[in-house]
Amino acid sequence: MLFCLGLAGLLFVVQTYLAGLLMPVTPQELAEHPADQGTAFYTMTDSAVGPWLSKAFSIVKGVGPAFSAMTAVAAASRLLYGMARDRGLPSALAGVAPRSRVPRTALLTTAGLTLVVSVWAARRDDGLDLLVSVVDMGALAAFTMLHASVVGYFVVRRGSRAWLPHLVVPVLGAAVAIWIIVLAGTLAKVAGAVWLAIGLVLALANRRRERRAAG
């Protein structure tokens, strides 16, 4: 898994670097014309290689998200199932279909929410920007809390003295995530705050339930 993550990161860096070298439009021009930013990569391939590559990328870009969406729905449903099985979410999401042995309730819930949000976003001119803001800021808020939990669990609770992996690295990771959140737009910050509030409410509710069960 670590090898795949490192390889994917390296490929993204190389791809971005080569695209920057071949880009016929300067960053200043793109900043002055925001409408051209979404098609900048296609402009680069059309100018540096040829129209055929730009069209090939367009086709892949059009087909790829469908498969990515199916993978994301499947992954999200397993995540909901795991959290429900560990009593982090309603137990109904932990149900498994008798024949296929898949988390059918979580899968249908994820697919239904995805369909509703997709239709809602498609009916708005800024729908894509809204979705990106919600997803990105939700992930950043989660990553920030994840780094904080590493420090809380290993350093505070277990008294670890492995400062580099258990304190320095999580603090630096949280600082980067917070820095991106601060630079984000107002809408993105609101989305991140909502995600964080939902997570905190669920965490507090689960802790109270565990205390009542233990008492």
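A. Focus on unusual backbone geometry. One non-glycine residue, Arg101, lies in positive phi territory at about 60°. Summarising the element assignment, Arg101 is placed in the loop between helix 4 (51–85) and helix 5 (104–122). Taking relative accessible area as the criterion, Arg101 reaches 59% and is therefore assigned exposed.

B. A look at a positive patch on the surface. On the surface, Arg157, Arg207, Arg208, Arg211 and Arg212 cluster together into a positively charged patch. The biggest single contributor to the positive patch is helix 8 (residues 186–214), with four residues. Following the sequence through the fold, Arg157 ends up in helix 6 (residues 127–157).

C. Quick peek at the side chain of Thr144. Checked against the element boundaries, Thr144 lands in helix 6. Leaving out residues up to four positions away in the same chain, Thr144 has contacts with Ala177, Ile178 and Ile181.

D. Examining the packing of helix 6 against helix 8 more closely. Running from N to C, helix 6 and helix 8 cross one another at 50°; their axes reach a closest spacing of 8 Å. Compared by their axis directions, helix 6 and helix 8 come out oblique. Here the hand of the crossing between helix 6 and helix 8 comes out right-handed. When helix 6 is examined against helix 8, the residues Leu130, Ser133, Val134, Met137, Gly138, Ala141 and Met145 are found in contact with a partner set consisting of Leu187, Ala188, Lys189, Ala191, Gly192, Trp195, Leu196 and Leu200. Considered class by class, the residues forming the contact of helix 6 with helix 8 number 11 nonpolar, three polar and one charged.

E. Seen up close, the nonpolar core. Membership of the largest hydrophobic core is limited to five residues, which are Ala19, Met23, Leu30, Ala40 and Met44. Aside from chain neighbours lying at most four places away, what touches Ala19 is Phe41 and Met44.

F. Layout of a nonpolar patch on the surface. Among the surface-exposed residues, Phe3, Leu7, Leu10, Leu11, Val14, Tyr17, Leu18, Leu21 and Leu22 lie close enough to one another that they form a single nonpolar patch of about 940 Å² accessible area. Assignment of secondary structure puts Leu7 in helix 1 (residues 2–22).

What counts, and where the lines are drawn
Residues numbered from 1 in each chain as written. Predicted model: local features only at pLDDT ≥ 70, side-chain atom pairs only at ≥ 80, totals over all residues. Heavy atoms only, no water. Helix = DSSP H or I, 4+ residues; strand = E, 2+ residues; numbered from the N terminus. Buried < 20%, exposed > 50% of the residue type's maximum accessible area, 1.4 Å probe, protein only. Patch = residues over 30% accessible without salt bridge, like charges linked within 9 Å, V, L, I, M, F, W, Y side chains within 5 Å. Areas by Shrake-Rupley, 256 points an atom, 1.4 Å probe, with all protein chains shown as cover. Salt bridge = Lys/Arg side-chain N within 4 Å of Asp/Glu carboxyl O. Lys, Arg positive; Asp, Glu negative; His and termini not counted. Charge placed at Lys NZ, Arg CZ, Asp CG, Glu CD. Contact = heavy atoms within 4.5 Å. Axes fitted to C-alpha atoms, helices over the stretch in contact; angles between N-to-C directions. Parallel < 35°, antiparallel > 145°, perpendicular 65-115°, else oblique. Left-handed = near helix turned anticlockwise from the far one by under 90°. Nonpolar A, V, L, I, M, F, W, Y, C, P; charged D, E, K, R; others polar. Core = buried A, V, L, I, M, F, W, Y, C linked by side-chain atoms within 4.5 Å.

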